[in-house]
Amino acid sequence: MVFTKKSLRFLSSVLAVVLILPLFVLVPLTVHADSVVDISINVTRKYTETAKLLDAINEQRANNQLPKLEMDVDLMELAMKHSAELSVHIGNNNLDGTSIFTGSKGIQKIFIAHGQLINKNSFIASISDSIMLSSLKSVGIGYVMGMGNINYITVLTSMNAANEVDPSVLNQANAKYDQKTRCMTGYLQDITLSPAGGNDIEVGSEWPVNFVVSNQQYGSGTAYVTGDTFLTTTNSAVMKIINPNKIVAVKEGQVTISMHFSSFPSISASATYRVVPGVSNDFVVSPIPAQNYTGRPVTPSVTVKNTSGVILKSGIDYTLTYSNNINVGTATVVVKGMGSYTGRTLTVNFQIVESVNAFTITVSANKTDMVLGESNTILATVTNGKTPIKYKFDYAVTGSSSYTTIQSESTSNKAVFKPTDIGSFTVRVTAKDSDGKTAVGNVKINVRTPLKCTVNLSPSSIYLGNSVNINSTTSGGVAPYTYQISVKKPGSSGYTVISSNSTSGICSYKPTSSGSYEFRITVTDSKGAT
């Protein structure tokens, strides 16, 4: 990483904290003159803990009537890198005060404190001379877990305004990070195949080869050497070198692998490995035949074989997880390898079908479209159930899962549905036979308000030769409406139609003789109700 002059001007002080022991300890700076090589180490950047430490620092500053510090992008990145480097070597400064790893100047002093349980307020109090200065405006905090799962903290402060970090960065979860840095050659101890499963390597497998780096105080961890390394093998027929950092096991046997530095011929490390026959973790699942619907979860047996044809055992070699395995249709079972077959997973589908002798139910209603206030008979018909069979009737607004009981469980396959509101309803019937098998059916019913027609004659009394206006208004039912208007003349026993199949309930009539006339309006809605 290259830091510009803009970045370097921020470095007014550095505070580094290593969390190991119960008490705070100040460790004096140690200077080493060893040769240095480029490496990469895996660390975890703890952004959440970084944000908590920033909050704790600002809380203490507020208690001292000091303005809060803002997190600076460049300072935080440099602090994160510095904390990662601390996991390789605690005393990492040259005599002139520059870091041999970051190469950054301007570091005035490094405080190294370690404690497994550290009280934030006690820690901040211990560094208050540097962190409670009124002239400070920005800060960079690096909180990482490095090699050996040890936590390291670096705090950098500046009197310049911050190029603030996006809040989303500090809100993210812990992040794995491949930190490129440098390491003294004296800390390169050994090599390892990573990830290693002991010293036995299976034929056909490929492995990266890496140095193990020893920290000055806190043990060792694996680092990826990025410098001018090369590998040698005592038997290329057993283990072949692919590139300067990777090998492949070719055939059974024993072999020693060594890693060397071109620039430092005296630095090398070796390890001996045994190449053993590979064991395939692959397996196959036999097709699952169609299964009969039962109304309950269907979990057919599954035959699983390895590539040699050996039948594997459930619970030892694999686990089964079923889904969508109740209703008619496509069900799924996931076969997940375990033990020697860890890492292998297969998904297999099978069909659930209606059996010829399946217990089924059909639900019907006397009316599927009815008027509020009417009663409706619901009938359930089952096949293939073992008697006695019990039925439960309930209903819900269509689309809702909240059902209201119409008739509790009984042997009667009929029930009367009399809704108290209009709308679309689903009537559900659950039948259970004496073997415990269950069948569920339903029917949808639409409930509407009754038709209501109001008629007005204008005028209600006329002289012969004039006309009367007939005006009808309709509500309820389901529009549109059609009208038939009839009149009963004086001395007549029947009605004469004067307007038929009209979409309007309005017409006029001119009597041909004096007397009393009676008018009748018949309204029919779109559902046929009158």
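K.L.:
So, the overall build of the protein: which residues are in play, and what are the values?
P.N.:
Across its full length, the protein carries six helices and 36 strands. Taking all 530 residues of the protein together, 40% fall into the buried category. For the protein, the proportion of contacts with a sequence separation of at least 24, taken over those separated by at least 6, is 63%. Of the roughly 27100 Å² of accessible surface on the protein, 49% is carried by carbon and sulfur atoms.

K.L.:
Report on the sheet that holds strand E34 (residues 496-502), specifying residues and quantitative values.
P.N.:
Strand order in the open sheet made by the three strands is E34-E33-E36, with antiparallel pairing throughout. Both outer strands of the open sheet, E34 and strand E36 (518-524), are each paired with one neighbouring strand and no more. Each adjacent strand pair in this sheet contributes to an overall mean axis angle of 10°, direction not counted. Here strand E33 (residues 482-488) pairs with E34 via four bridges, running antiparallel.

K.L.:
Now, about the sheet that holds strand E30 (residues 438-448): what can you tell me, with residues and values included?
P.N.:
As summarised here, the arrangement of the five strands in space is E24-E30-E29-E26-E27, forming an open sheet in which the pairing is mixed. On the outer flanks of this sheet lie strand E24 (369-371) and strand E27 (404-410), each paired with one strand and no other. Strand-to-strand twist in this sheet, taken as the mean axis angle between neighbours without regard to direction, amounts to 25°. Here strand E29 (residues 423-432) runs beside E30; their pairing, made up of 10 bridges, is antiparallel. Residue pairing for E30: Val427 is matched across the bridge by Val443.

K.L.:
I'd like a description of the nonpolar core, backed by residues and values.
P.N.:
In this structure, Met71, Ile131, Ile141 and Met239 are the most contacted members of the largest nonpolar core, which totals 51 residues. Ranked by the residues each element gives to this core, the list is headed by helix H2 (residues 47-63), at six residues. Among the nonpolar cores identified, the runner-up in size contains 20 residues, and Met370, Ile378, Phe393 and Ile445 belong to it.

K.L.:
Tell me what's going on with the pairing of strand E21 (residues 329-337), and back it up with residues and numbers.
P.N.:
Relative to E21, strand E20 (residues 318-323) is paired through six bridges, and the arrangement is antiparallel. Bridge pairing in E21 links Tyr322 to Val333. The loop that links E20 with its antiparallel partner E21 comprises five residues; one of these, Asn324, has a positive phi angle of about 50°. Bridging between E21 and strand E22 (residues 345-353) involves eight bridges; their strand directions are antiparallel. Of the residues in E22, the one forming a bridge with Thr332 is Asn349.

K.L.:
How would you explain the pattern of salt bridges if you had to name every residue and give the values?
P.N.:
Under the definition given, this model contains eight salt bridges. The partner of Arg45 in a salt bridge is Glu77, and the shortest N-O contact between them spans 2.9 Å. With Arg45 in strand E2 (residues 36-45) and Glu77 in helix H3 (residues 73-86), this residue pair connects regions lying 32 residues apart in the sequence. Its relative accessible area of 3% is what places Arg45 among the buried residues.

K.L.:
Report on the environment of Lys180, specifying residues and quantitative values.
P.N.:
The residue Lys180 is located in strand E7 (residues 175-184) in this model. Residues Lys180 and Ala84, 96 residues apart in the sequence, show an inter-C-alpha distance of 9.1 Å. Once residues lying within four places of it in the same chain are set aside, the contact partners of Lys180 are Ile39, Ser40 and Lys81.

K.L.:
With reference to specific residues and values, describe H2.
P.N.:
When the terminal C-alpha atoms of H2 are compared, their 25 Å separation across 17 residues agrees well with the 24 Å that a helix rising 1.5 Å per residue should span. Within the sequence span of H2, burial applies to Tyr47, Thr50, Ala51, Leu53, Leu54, Ala56, Ile57, Asn58, Gln60 and Arg61. The positive-phi residue at the C-terminal boundary of H2 is Gln65, with phi of around 55°.

Calculation criteria
Residues numbered from 1 in each chain as written. Predicted model: local features only at pLDDT ≥ 70, side-chain atom pairs only at ≥ 80, totals over all residues. Heavy atoms only, no water. Helix = DSSP H or I, 4+ residues; strand = E, 2+ residues; numbered from the N terminus. Buried < 20%, exposed > 50% of the residue type's maximum accessible area, 1.4 Å probe, protein only. Contact = heavy atoms within 4.5 Å. Areas by Shrake-Rupley, 256 points an atom, 1.4 Å probe, with all protein chains shown as cover. Pairing = 2+ DSSP bridges. Axes fitted to C-alpha atoms, helices over the stretch in contact; angles between N-to-C directions. Core = buried A, V, L, I, M, F, W, Y, C linked by side-chain atoms within 4.5 Å. Salt bridge = Lys/Arg side-chain N within 4 Å of Asp/Glu carboxyl O. Expected span 1.5 Å × (residues − 1).

Function cannot be read off these values alone, since they describe shape.
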